[in-house]
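# Remarks on the overall topology
One letter stands for each residue in the lines below.
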Amino acid sequence: MSHNGAVKLSGTLLRQLRPRIFSVSSSYGNAAGAGGIGIRHWSTAASPPASEEKKAPQAAGEGKVVISSYWGVTPARVSKADGSPWRWNCFRPWETYTADVSIDVKKHHIASTFMDKFAYWTVQTLKYPTYLFFQRRHMCHALLLETVAAVPGMVGGMLLHCKSLRRFEQSGGWIKALLEEAENERMHLMTFIELSKPQWYERALVFAVQGLFFNAYFFTYLASPKLAHRITGYLEEEAVNSYTEFLNDIENGKFENSPAPAIAIDYWRLPPDARLKDVITVIRADEAHHRDLNHFASDIQCQGHELKEYPAPIGYH
Ligand SMILES: [Fe+2]
Ligand SMILES: [Fe+2]
């Protein structure tokens, strides 16, 4: 066969195969495209207001999109304890929890050493421009805060992962604990994105801040993990403070106590009639746990030990 003939034949074969291998079809596709299913409907806890049924068909639960493939990878069917189907792809029932809101939200690590003071003043210096920029626009502030807060756990977890590989040693569970923290922070962000749509300049700001912060934190963690954890501990203290202000404004009626988004109701196992105040309360409790975990991680290293010597507080919420 000539070269041209071979090219034509392969082109014909690809055209024939492509729709079979890569086509995306959905038994719900048309209905969803026509606005048939809304986010709250997929929640197992939240009720589906008729007015919201036209929103976001792309957040479909299992089985909504069928991809034709010969690889035999079939997602497991996940059910709730009561046997009803689990509707979220982005997290599973065993990742949900009831937040421990009894945690002390006023705890503060007193900066006594030079490193502590450096970490504390670094966070204070970073804090004031954001307070000036956002002032009482709590939702936008929370959005930006969460895009930053989800970085340290991922960077720390990744670097500990590489260290574990390099040194042929266990991590004491700290990789998992830090990645859990990053995922928890990202779920905060996924919750806020249901309540607020960032403007283009806020997206641009997040883009720039992430580029700077990821690299700065990465090199800080490489140079001194105990300093990096201390900085995160103070960042979490500030997160607790800013959510306390948010809660005060909701209580004072300065901010609308809107219904909680379905994703939050399912993730934190909140009652179906939960409101924004309940969501901010559990998020603040999460931040207080992150604060403790990171100050603890720094303390271990400040006392001359390695993280792997102490079992990590996995599942510490
Ligand atoms: Fe957070
Ligand atoms: Fe946090």
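For the protein chain, an unreviewed UniProt entry supplies the name Ubiquinol oxidase and the organism Ipomoea batatas. Here is the UniProt Subunit (unreviewed entry) comment for the protein chain, exactly as written: "Homodimer; disulfide-linked." In its Catalytic activity (unreviewed entry) section, the UniProt record describing the protein chain reads: "2 a ubiquinol + O2 = 2 a ubiquinone + 2 H2O".

What follows deals with the overall build of the protein chain. When helices and strands are tallied, the protein chain shows ten helices and two strands. From first element to last, N terminus to C terminus, the protein chain shows the α and β order α-β-α-α-β-α-α-α-α-α-α-α. Each of the 317 residues in the protein chain was classed as buried or not, and the buried ones make up 40%. Within the protein chain, counting contacts between residues at least 6 apart in sequence, those at least 24 apart form 74% of the total.

In this section: the packing of aromatic side chains. Enumeration over the complete set of coordinates arrives at 17 aromatic pairs. Measuring from centroid to centroid gives 5.2 Å for Tyr120 and Trp121, while their planes differ by 85 degrees, and the two rings are edge-to-face. Centroid distance Tyr120 to Tyr234: 5.2 Å. Interplanar angle 75 degrees. Geometry classified as edge-to-face. Of this pair, Tyr120 sits in helix α4 (residues 114–134) while Tyr234 sits in helix α8 (residues 225–251), and the two are 114 residues apart along the sequence. A residue is classified by how much of its surface remains accessible, and Tyr234, at 1% relative accessible area, is buried.

Attention now goes to the coordination of the iron ion (ligand 1). For the iron ion (ligand 1), the protein coordination sphere consists of Glu146 (OE), Glu146 (OE), Glu185 (OE), His188 (ND1) and Glu287 (OE), at 1.9 to 2.4 Å. In the primary sequence, the donor residues of the iron ion (ligand 1) line up as E-x38-E-x2-H-x98-E. Given the relative accessible area of 0%, His188 is considered buried.

Those protein atoms acting as donors to the iron ion (ligand 2) are Glu185 (OE), Glu236 (OE), Glu236 (OE), Glu287 (OE) and His290 (ND1), and they sit at 1.7 to 2.6 Å. Motif for the iron ion (ligand 2), donor spacing along one chain: E-x50-E-x50-E-x2-H.

A separate point is the environment of Gln301. Residue placement: Gln301 occurs in helix α10 (residues 276–302). By relative accessible area, Gln301 is classed as buried at 16%. The contacts of Gln301, once residues within four sequence positions are left out, are Pro225, Lys226, His229 and Leu307. Within the structure, Gln301 has its side chain in polar contact with the backbone oxygen of Ala297 (distance 3.0 Å).

Here the focus is the nonpolar core. Core analysis: the largest hydrophobic core is formed by 32 residues, its most contacted members being Phe192, Tyr243, Phe246, Trp268 and Ile280. For this core, the secondary structure elements donating two or more residues are α5 (138–167), α6 (174–192), α8, α9 (262–267) and α10. Not counting residues within four places of it along the chain, the set of residues in contact with Phe192 comprises Met139, Ala142, Leu143, Glu146, Tyr243, Phe246, Ile280 and Ile283. Grouped together as the second largest cluster of nonpolar side chains are 25 residues, Val155, Tyr221, Ile231 and Leu307 included.

Turning next to the packing of α6 against α10. The contact between α6 and α10 brings their axes to 11 Å, and the two run at 155 degrees. The orientation of α6 relative to α10 falls into the category roughly antiparallel. As for how α6 packs across α10, the hand of that crossing is left-handed. Touching Trp174, Ala177, Leu178, Glu181, Asn184, Glu185, His188, Thr191 and Phe192 of α6 are Val279, Ile280, Ile283, Asp286, Glu287, His290, Leu293, Asn294, Phe296, Ala297 and Ile300, all from α10.

We now examine the layout of surface pockets. Of the pockets and cavities examined, the largest pocket occupies roughly 620 Å³. Around the largest pocket sit 28 residues that line it, and Leu126, Thr130, Val148, Val209 and Leu235 are the ones nearest its centre. If you list the elements that add at least two residues to the lining of the largest pocket, you get α4, α5, α7 (200–223) and α8. Ranked by residue count, the leading element in the lining of the largest pocket is α4, at ten residues.

Another point: the confidence of the model for the protein chain. In this model, the protein chain carries a mean pLDDT of 84, and residues with pLDDT of at least 70 account for 79%. The lowest-confidence element of the protein chain is helix α2 (residues 29–33), averaging 33 in pLDDT; the highest-confidence one is α10, averaging 98. Here residues 9–43 is modelled with pLDDT under 50, and outside its nearest four sequence neighbours on either side it reaches 59 contacts, counting other chains as well.

Calculation criteria
- What you see as residue numbers is a count from 1 along each chain, following the sequence as written.
- Here the convention is simple: chains get letters from A, ligands get numbers from 1, in the order in which they are written.
- Since the coordinates come from a predicted model, pLDDT governs what is reported: local features require at least 70, and pairs of side-chain atoms require 80 or more to be given and counted, while whole-chain, interface and lining totals use all residues.
- Side-chain measures here rest on the full set of heavy atoms in the structure, leaving out hydrogens and waters.
- UniProt positions are given in the numbering used here, feature names are shortened, and annotations may be inferred rather than shown by experiment.
- To qualify as a helix, a DSSP run of H or I must reach at least 4 residues; to qualify as a strand, a run of E must reach at least 2; elements of each kind are numbered from the N terminus.
- Burial classes follow relative accessibility: with a 1.4 Å probe on protein chains only, a residue under 20% of its type's maximum area counts as buried, one over 50% as exposed, and anything between as partly exposed.
- Contact definition: two residues touch when any of their heavy atoms are within 4.5 Å.
- Two rings belonging to Phe, Tyr or Trp (six-membered ring only in the last case) form a pair when the distance between their centres is within 6.5 Å. Interplanar angles under 30 degrees mark stacking, angles over 60 mark edge-to-face geometry, and anything in between is tilted.
- Only nitrogen, oxygen and sulfur atoms within 2.8 Å of the metal, or 3.2 Å for Na, K and Ca, are treated as donors, and water is left out, so sites may look incomplete.
- Pairs of N or O atoms within 3.5 Å make up the polar contacts considered here, provided that, within protein, one atom can donate a hydrogen while the other can accept it, and that residues adjacent in sequence are counted only when both atoms are side-chain atoms.
- Here the nonpolar core consists of buried residues drawn from Ala, Val, Leu, Ile, Met, Phe, Trp, Tyr and Cys, with membership extended through side-chain atoms lying within 4.5 Å.
- Helix axes are fitted to C-alpha atoms over the stretch in contact, other axes to C-alpha atoms as well, and angles between N-to-C directions run from 0 to 180 degrees.
- Here roughly perpendicular refers to angles of 65 to 115 degrees, roughly parallel to angles under 35, roughly antiparallel to angles over 145, and oblique to all remaining angles.
- For a crossing to be left-handed, the near helix must be turned anticlockwise from the far one by less than a right angle; the clockwise case is right-handed.
- Only protein atoms enter the 1 Å grid, on which a cavity is a set of points fitting a 1.4 Å probe that cannot get out and a pocket is an open set with protein on both sides within 12 Å along at least 5 of 7 lines, lining residues being those with an atom within 4 Å of a point.
- Grid points are joined across faces, edges and corners, and a volume is the space filled by probe spheres set on the points.
- Per-residue confidence from the predictor is given as pLDDT, running between 0 and 100.

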